[in-house]
Amino acid sequence: MTALADFAPPRDRRRAARKAHVWLAIVLAVAAIGSLAIGASGTSLWHALFKIVTGAPLTQLERVVLWDIRLPRLIMGICVGAALAVSGAVMQGLFRNPLADPGLLGVSAGAGLGAIVAIVLGGLLPVAVLTVAGFWLIPLAAFLGGLLPVAVLTVAGFWLIPLAAFLGGWAATLLLYRVSTRRGRTSVATMLLAGIALGALTGALGGLLIYFADDTQLRDLTFWGLGSLAGATWTKVAIAGPLILLATGVAMRLGGGLNALAFGEATAAHMGVPVQRVKHTAILTVAAATGAAVAMSGGIGFVGIVVPHLLRLATGPDHEPLLVNAALLGATLLLTADIISRVIIAPAELPIGLITAILGAPVFFWILLRRRGLVDL
């Protein structure tokens, strides 16, 4: 049986999409409470809230678990889930293909290569930094003295992998943009083909570096590639959160332009839509949101494909409400997967990318079979 949304008139679909805002916000709130309340430490959210209401002091363990671990993890999960889902919706609208994904731009591949370079070659950083610092140490001794190598290495070591992943994603996007843009016009088809080629190239380079990695580096690469929110801190939230929220907010304003592009670029241009500006904005915001999300959480798949497609089936293809719903459902899906990853083998944790793959792969197969007419639902 074909989805009921396929027969609904546009007004009914828009009303359904707006109702979905409320229901998805409620579900996200429930998932957020679950993310704060559930964990391997045994710390009770409700007991802590009761203490706060009654004015009783929290224990050191309660402050650390709830404030320093679970709350930044919750915020990062919302940001990453919303970024991936909205980026997927934008890409599907831009390519006019419900199976498009932010990975088509090569952002994820470039970010992955940047992380691999940082993990495998990161051991060379102290030598390089100390050499440069030593060369300039005497002229700068009056200002920094012996604190220079320590400070530089501490900052670089803490941010090495996220920064390398973010720069890798941006470098891939700029390269694709350069290749696919001619005389101020960006060819989406050329960008798609270039993204596939870049994905193969970065995969080969990453495999070459992995071949020379030691056991410790291989373990780090494995866990980073599978994705996790376990490394979320207030510092990372403060750095990546605003960038993700800004890029996602800008992407949500592209709904009207993406609706017009569904009729073709020529028709959209005749309708008064600045096609090139919409495409440029879409590409850059997806690169920023996805690059920052991958840099903070590692590789998390299927969110960008599954969430927008399911919402289109349920509430229709109108991108203006779709992008908002995608942010809400993407955040909910990632928080739910994070909760499952924490409790399924507690006190250990499964990488969150495994959970999203287990949940998303069957849905993706169903989407493919439905498009080929092999299933009716």
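From a predicted model like this one, the values you see are computed outputs, not experimental measurements. (Residues numbered from 1 in each chain as written. Predicted model: local features only at pLDDT ≥ 70, side-chain atom pairs only at ≥ 80, totals over all residues. Heavy atoms only, no water.)

J.: Please clarify how the overall build of the protein should be interpreted in this entry.
T.: A tally of regular secondary structure across the protein gives 15 helices and two strands. Counting all 377 residues of the protein, 45% fall into the buried class. For the protein, long-range pairs separated by at least 24 residues make up 79% of all intrachain contacts whose partners lie at least 6 apart in sequence. Taken as a whole, the protein presents about 18,800 Å² of accessible surface, with 72% of it coming from carbon and sulfur. (Helix = DSSP H or I, 4+ residues; strand = E, 2+ residues; numbered from the N terminus. Buried < 20%, exposed > 50% of the residue type's maximum accessible area, 1.4 Å probe, protein only. Contact = heavy atoms within 4.5 Å. Areas by Shrake-Rupley, 256 points an atom, 1.4 Å probe, with all protein chains shown as cover.)

J.: Quick question: what am I supposed to make of helix α13 (residues 303-315) here?
T.: What sets the pattern is the α-helix's 3.6 residues per turn: residues three or four places apart point alike. Compared with an ideal rise of 1.5 Å per residue, which puts 13 residues at 18 Å, α13 spans 18 Å between its outermost C-alpha atoms and is within 8% of the ideal. With eleven of 13 residues buried, α13 lies mostly within the body of the structure. Within α13 the residues assigned to the buried category are V303, G304, I305, V306, V307, P308, H309, L311, R312, L313 and T315. Backbone geometry just after α13 places G316 at a positive phi near 100°. (Expected span 1.5 Å × (residues − 1).)

J.: How should I be thinking about unusual backbone geometry in this particular structure?
T.: Phi is mostly negative for residues that are not glycine, and the peptide bonds are mostly trans. Even without being a glycine, F302 presents a positive backbone phi close to 75°. Here F302 shows up in the loop between α12 (275-297) and α13. Judged by its relative accessible area of 28%, F302 falls in the partly exposed class.

J.: What am I meant to see in a nonpolar patch on the surface here?
T.: The grouping of V22, W23, I26 and V30 at the surface amounts to a nonpolar patch, some 440 Å² of accessible area in total. Looking at the element boundaries, V22 is found in helix α1 (residues 10-37). (Patch = residues over 30% accessible without salt bridge, like charges linked within 9 Å, V, L, I, M, F, W, Y side chains within 5 Å. Salt bridge = Lys/Arg side-chain N within 4 Å of Asp/Glu carboxyl O.)

J.: In this structure, what is going on with the nonpolar core? I would like to understand it.
T.: As a rule of thumb, soluble globular proteins bury nonpolar side chains together. Core analysis: the largest hydrophobic core is formed by 77 residues, its most contacted members being M76 and V90. For this core, the element with the most residues is helix α3 (residues 60-95), which contributes 15 residues. V90 has contacts with A251, L254, L258, A282, V286 and L323, leaving out every residue within four places of it along the chain. (Core = buried A, V, L, I, M, F, W, Y, C linked by side-chain atoms within 4.5 Å.)

J.: How do you make sense of helix α14 (residues 319-343) when you look at a structure like this?
T.: In this model α14 runs 35 Å from its N-terminal to its C-terminal C-alpha over 25 residues, within 8% of the 36 Å that 1.5 Å per residue would give. A large share of α14 lies buried, amounting to 18 of its 25 residues. Near the N-terminus of α14, the side chain that reaches the backbone nitrogen of E320, with its oxygen 3.2 Å away, is that of D318. (Polar contact = N/O pair within 3.5 Å; in protein donor to acceptor, adjacent residues only side chain to side chain.)

J.: Is there a simple way to explain the packing of aromatic side chains in this structure?
T.: Each aromatic ring pair is described using two quantities: the centre-to-centre distance and the angle formed by the ring planes. Within this structure, the stated rule accounts for two aromatic pairs. Taking the centre distance of 5.0 Å and the plane angle of 40° together, the rings of W67 and W234 count as tilted. Here the residue W67 occupies a position in helix α3, and W234 occupies one in helix α9 (residues 234-252), the gap between them amounting to 167 residues. A residue is classified by how much of its surface remains accessible, and W234, at 29% relative accessible area, is partly exposed. Here Y211 and F212 contribute two aromatic rings whose centre-to-centre distance is 5.4 Å and whose plane-to-plane angle is 90°, an arrangement assigned as edge-to-face. You'll find Y211 and F212 in the same group, each marked exposed. (Phe/Tyr/Trp six-rings, centres within 6.5 Å; stacked < 30°, edge-to-face > 60°.)

J.: Before we go on, may I ask you to explain the packing of α3 against α12 in this structure?
T.: Angle between the axes and distance between the axes: these two values describe a pair of packed helices. Contact geometry for α3 and α12: axes closest at 9 Å, N-to-C directions at 145°. Pair α3 / α12 crosses with left-handed handedness. Where α3 approaches α12, its residues M76, V80, A83, L84, S87, V90, M91 and L94 are matched on the opposing element by K279, A282, I283, V286, A289, T290, A293, M296 and S297. Of the residues assigned to the contact of α3 with α12, the class counts are 13 nonpolar, three polar and one charged. (Axes fitted to C-alpha atoms, helices over the stretch in contact; angles between N-to-C directions. Left-handed = near helix turned anticlockwise from the far one by under 90°. Nonpolar A, V, L, I, M, F, W, Y, C, P; charged D, E, K, R; others polar.)

J.: Explain the side chain of Q92 here, please?
T.: Considering the arrangement of structural elements, one finds Q92 in helix α3. In terms of polar contacts, Q92 uses its side chain to reach the backbone carbonyl oxygen of I305, at 3.3 Å. A polar contact is formed between the side chain of Q92 and the side chain of R312, at a distance of 2.3 Å.

J.: Would you mind going over the pattern of salt bridges with me for this structure?
T.: One side chain can pair with another of opposite charge once the charged atoms of both are near each other. Taken as a whole and judged by the stated rule, the model has four salt bridges. Across the salt bridge formed by D338 and R73, the nearest N and O atoms sit 2.7 Å from each other. In this pair, D338 is assigned in helix α14 and R73 in helix α3, connecting sequence segments 265 residues apart. Classification of R73 as buried rests on a relative accessible area of 6%. The salt bridge involving E265 is made with K279; its shortest N-O contact spans 3.3 Å.

Read these as spatial facts, not as claims about activity.
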